[in-house]
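Here's the letter readout for the chains.
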Amino acid sequence: MLTQAAYRAPGRGRWRGHTVLIALLVVALAAGCATGSDDPAKSAHGASAAGKPGQVAAGAPHEQKAAELDALYSPENVRRAQAARAVAAKKWGLASTPLPEPRPPAVKPEITTREGFEVEGGDDLPPLFTTVPVDGKKVVFLTMDDGSEKDPELLRMMSELKIPYTAFLSDYVINDNYGYFRQMRDRGVAIQNHTLNHPYMPGLSYEEQKREICGQQDLLAKNYGKRPTLFRPPYGNYNADTLRAAKECGIKAAPIWASEAFPDHMEWREWDRDMHPGDIILTHFRGRDEWKGSMPDMIRHVMKVVTDKGYAVGKLEDYV
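Small disclaimer: the values here were computed from a predicted structure and weren't measured.

Visitor: It is not clear to me how the packing of helix α7 (residues 206-224) against helix α8 (residues 240-248) should be interpreted in this structure. Could you clarify?
Guide: The description of two helices packed together rests on the angle between their axes and the distance between the axes. It is the contact of α7 with α8, at a shortest axis distance of 9 Å, that shows an interaxial angle of 45 degrees. In terms of their interaxial angle, α7 and α8 are classed as oblique. Here α7 runs over α8; the crossing is right-handed. Contacts between α7 and α8 involve Y206, Q209, K210 and I213 from the first element and D241, T242, R244, A245, A246 and E248 from the second.

See the structure below:
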C-alpha cells in the first residue's frame, strides 16, 4: 500500500501534488587557509549519538565535541570564511554572499517519520521525513539526485563557495564516470544511496527492492570507500517493503524533501509555498539538455532564494 509519500510519478521527476552555510564550512575554509587545503571534509561534523535538539548526553566525548564546535565556529573563523566567500560569490555571479551556517549540534537531533508518511509496522524502520529538527535555526539542506550530468564547473563552484550538499546517486547514470563523484567525495560531499536503476519501488517485490538498495550500497562502498547510511527512494515513492529492505541493507534514515530547485524556479510542497527551518531541498544532476540552464545556473537561483529568505545551507549529515 502506498503512503502519502508516493507523490511523484515515474518519469523525469516532476512532482504530483503539493509542490535545503556556511559557518560549518567556515571551518574547512579556515583550515584550508592554514594548511593549503580547501577540502570541506576537514570541517567538523556532528556526533553520531541521537538526542533531541539541545540535549547533550553525559560524558567527556560530547563535552569535547561541543568545545571543538565552539572553537571552530568562533566569530573570527566566521568572519574570515565570509570574506573569502564574498569574493567567490562575486566570481560565480551570485546575487549576494551565502549566509554563514549556524553551529551544528554536538549531538544529532532525534529524527522521526513525518506524520502521514508512516507505513504499517514502521516504528522500527528508517524514518522518512522532509524537514530536520534544527531548533528553529534558519538553516536548510541541499541535496542532489541521480547523477546523469557531470559538470566540472559545479565541482569548482561549490568548492570555492563552500556550499555543502549531499549526493544521492543511482548507478545506472554514474557508472560511466565514477571518477567525477570521487572528486566530489574528496571535496567533502557525502555520497548516499538512490538505488541501482531508479525504479518505481512499490512495483517491485521485497527481494527486488532489496537488490536495488543493497546492490547500490555495495557499489558505492567499493567506489567511494564507505557504505551510505541514508537512502532516498526514487520519485519519493515507497512502501513498507522499501523501508524494511533499506534497514536490512544498513540504512538509518530516508530523507525526502520539502522543495525542489530548478535553474529558473522553485517547486514547493507546503501549502504556504515557503521555506522553513530544517527543510530539505531537492535538485538533480542535470544540464541544458533537460533544463533551462546549467548546474551553476541552478545554484545561483536556489542560493538567491535561500539567502533572500534569510537562510544558510548546512550539511545534512551533521544533523542526521
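Visitor: What is the right way to read the packing of aromatic side chains from this model?
Guide: Given two aromatic rings, their pairing is described by the distance between the two centres and the angle made by the two planes. Evaluation of the coordinates by the stated rule reveals four aromatic pairs. Judged by centre distance (5.0 Å) and plane angle (65 degrees), the rings of F141 and Y319 are edge-to-face. In this pair, F141 sits in strand β4 (residues 139-146) while Y319 sits in the segment after β11 (312-314), placing the two residues 178 residues apart along the sequence. Judged by its relative accessible area of 2%, Y319 is buried. For the pair F262 and W291, a centre-to-centre distance of 6.3 Å together with 70 degrees between the ring planes defines the contact as edge-to-face. Taken together, the residues F262 in the loop between β8 (259-261) and β9 (266-268) and W291 in the loop between β10 (280-284) and α9 (295-308) connect sequence positions 29 residues apart.

Visitor: I'm lost on the nonpolar core in this one. Help?
Guide: Nonpolar side chains tend toward joint burial in soluble globular proteins. Residues L142, M144, M184, I281, F285, I299 and V302 are the most contacted members of the largest nonpolar core, which totals 42 residues. No other element matches α9, which puts seven residues into this core. Look past the residues within four positions of M144 in its chain and what remains in contact with it is L154, M158, Y165, T166, A167, F168, T283, F285, M295, M298 and I299. In terms of nonpolar packing, the next biggest core, distinct from the first, is built from 24 residues, F129, A240, L316 and Y319 among them.

Visitor: Honestly, the state of the cysteines in this entry has me stumped. Any pointers?
Guide: By definition, a disulfide links the sulfur atoms of two cysteines through a covalent bond. Evaluated as defined, the whole model comprises one disulfide. Two residues, C214 and C249, share a disulfide whose sulfurs are 1.8 Å apart. Given an S-S torsion of about -100 degrees, the disulfide between C214 and C249 has left-handed geometry. In this pair, C214 is assigned in helix α7 and C249 in the loop between α8 and β7 (254-255), connecting sequence segments 35 residues apart.

Thresholds, definitions, all that
Residues numbered from 1 in each chain as written. Predicted model: local features only at pLDDT ≥ 70, side-chain atom pairs only at ≥ 80, totals over all residues. Heavy atoms only, no water. Axes fitted to C-alpha atoms, helices over the stretch in contact; angles between N-to-C directions. Helix = DSSP H or I, 4+ residues; strand = E, 2+ residues; numbered from the N terminus. Parallel < 35°, antiparallel > 145°, perpendicular 65-115°, else oblique. Left-handed = near helix turned anticlockwise from the far one by under 90°. Contact = heavy atoms within 4.5 Å. Phe/Tyr/Trp six-rings, centres within 6.5 Å; stacked < 30°, edge-to-face > 60°. Buried < 20%, exposed > 50% of the residue type's maximum accessible area, 1.4 Å probe, protein only. Core = buried A, V, L, I, M, F, W, Y, C linked by side-chain atoms within 4.5 Å. Disulfide = S-S within 2.5 Å.

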